[in-house]
2 protein chains.
Amino acid sequence: MELDEQTLLATNERFYRAFAGGDLAAMEDLWAHQTPVVCIHPGWSRLSSRETVMTSWRRILSGEGHDVSCGDAQAWVRGTMGMVVCREQVGRIDLLATNVFVVEGGRWMLIHHHAAPVMPDEEPGPEESSSGHGLPN
Amino acid sequence: MELDEQTLLATNERFYRAFAGGDLAAMEDLWAHQTPVVCIHPGWSRLSSRETVMTSWRRILSGEGHDVSCGDAQAWVRGTMGMVVCREQVGRIDLLATNVFVVEGGRWMLIHHHAAPVMPDEEPGPEESSSGHGLPN
């Protein structure tokens, strides 16, 4: 496998297919084994071990129906590390996600997923805002 | 400069000092020039050019008082790319941030900042949750 932006984006799509399909085995296959992993689901605390990350996905994927899609993915690759930033749609909720990958065993493997909701139709505001959307200036 | 986890964490701290100090010049100095950059402030849409990212920081830093601190930073380095995941405290708001860096001109330079609030004292829930905290099972 070429370890370029295209294969990174393909791996990122596999992640969203595993998510949408509720496919825990595929999800487990995507996450790195040799490199420490971290995962930040929307609003959750940071999960910092493969075990807690996999437990979280087991819980998420065991629910009914995952109306999940990914779009507008941008990829960055430097050697054996890569990042994808993309839009996630989960049901009617719009989120943005950062997914970071490293090469293990000749394949792109996830080491980090950080997803957070985007407030629609709001004027961007300062970082200080608790809800994320802007306070009036 | 050694391009290892220690120097990456030091650069990450410089980012938070620039933020806390309202120091736009220091902030501009931290962001990459040759590599496309992206920034996701809490709840905002993705900003995908150096110009829009810098405009956002100009706006954020021009406000009064930035009670910002960073803690529990973890670093990952693979060659010329690195990632830091850390806790941010902005006023009384707890956030988690993913910051991604590449080497340009022998220095770590930011290519991505993604910050999002953590819901305190909430039971982790499914990714589908609009507010990020869990729906009851």
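Look up a bit, the structure's there.
I will try to describe carefully the structure that is included in this document. (Residues numbered from 1 in each chain as written. Chains lettered and ligands numbered in written order. Predicted model: local features only at pLDDT ≥ 70, side-chain atom pairs only at ≥ 80, totals over all residues. Heavy atoms only, no water.)

1. Examining the overall build of chain A
Quick reminder of the rule: The way it works is that DSSP assigns letters per residue, a run of H or I at least four long becomes a helix, a run of E at least two long becomes a strand, and they are numbered from the N terminus. Partly exposed describes any residue whose relative accessible area lies between the buried limit of under 20% and the exposed limit of over 50%, with all areas from a 1.4 Å probe on protein chains only and scaled to the type maximum. Two residues form a contact once any of their heavy atoms are found within 4.5 Å. A 1.4 Å probe and the Shrake-Rupley method give the accessible areas. Residues count as covered only by the protein chains that appear here.
A tally of helices and strands in chain A yields three helices and five strands. Along chain A, helices and strands appear, N-terminal first, in the series α-α-β-α-β-β-β-β. Evaluated residue by residue, chain A yields a buried proportion of 51% over its 137 residues. Excluding contacts between residues fewer than 6 apart, the proportion of contacts in chain A whose partners are at least 24 apart in sequence is 46%. Of the roughly 5,900 Å² that chain A leaves accessible, carbon and sulfur atoms contribute 49%.

2. So, the interface of chain A and chain B
This is how the line gets drawn: When a carboxyl oxygen of Asp or Glu lies within 4 Å of a side-chain nitrogen of Lys or Arg, that pair is called a salt bridge. Counted as a polar contact is a pair of N or O atoms within 3.5 Å, where, for protein atoms, one must be capable of donating a hydrogen and the other of accepting one, and residues adjacent in sequence contribute only when both atoms are in side chains. Gly counts as polar in this scheme, as do all residues outside two lists: the nonpolar Ala, Val, Leu, Ile, Met, Phe, Trp, Tyr, Cys and Pro, and the charged Asp, Glu, Lys and Arg.
Each partner contributes to the interface: chain A provides 58 residues, whereas chain B provides 58 residues. Summed over the shared surface of chain A and chain B, the result is zero salt bridges. One can count 20 residue pairs in polar contact (both at pLDDT 80 or more) joining chain A with chain B. Those elements giving two or more residues to the side of chain A that touches chain B turn out to be β1 (38–40), α3 (50–62), β2 (68–78), β3 (81–90), β4 (93–104) and β5 (107–117) of chain A. Residue composition of the side of chain A that touches chain B, by class: 28 nonpolar, 20 polar and 10 charged.

3. A short note on the relation of the copies chain A and chain B
Counted only if it meets this: Our superposition of the copies is a least-squares fit, built on the C-alpha atoms of residues whose pLDDT is at least 70 in both.
Between the two copies, chain A and chain B, the superposition gives an RMSD of 0.0 Å; the rotation angle is 180 degrees and the shift along the axis is 0.0 Å. On this basis, the relationship between the two copies can be described by a two-fold rotation axis.

4. What about helix α1 (residues 5–20) of chain A?
Residue and element names in this part refer to chain A. To keep it simple, the criterion reads: The span one expects for a helix is its residue count, reduced by one, times 1.5 Å.
Between its terminal C-alpha atoms α1 stretches 22 Å, which fits the 22 Å expected from 16 residues at 1.5 Å a residue. Put simply, Asp4 is the residue that caps the front of α1, since its side-chain oxygen is 3.2 Å from the backbone nitrogen of Gln6. Count one or two residues on from α1 and you reach Gly22, which has phi positive near 60 degrees.

5. As for the sheet that holds strand β3 (residues 81–90) of chain B
Each strand in a sheet pairs with its neighbour through backbone hydrogen bonds, running either in the same direction (parallel) or in the opposite one (antiparallel). Residue and element names in this part refer to chain B. Rules: Two strands make a pair as long as DSSP finds a minimum of two bridges between them. Axis lines are fitted through C-alpha atoms, for helices just across the contact stretch, and the angle between N-to-C directions can take any value from 0 to 180 degrees.
Strand order in the open sheet formed by five strands is β1-β5-β4-β3-β2, and the pairing between neighbours is mixed. Only two strands of the sheet have a single neighbouring strand rather than two, namely β1 (38–40) and β2 (68–78). The sheet shows a mean angle of 20 degrees between the axes of neighbouring strands, direction not considered. Examined bridge by bridge, β3 and strand β4 (residues 93–104) share 10 bridges and lie antiparallel to one another. Bridged to Val84 within β4 is Asn99. Against the sheet, helix α1 (residues 5–20) contacts β2, β3, β4 and β5 (107–117), and its axis sits at roughly 150 degrees relative to β2.

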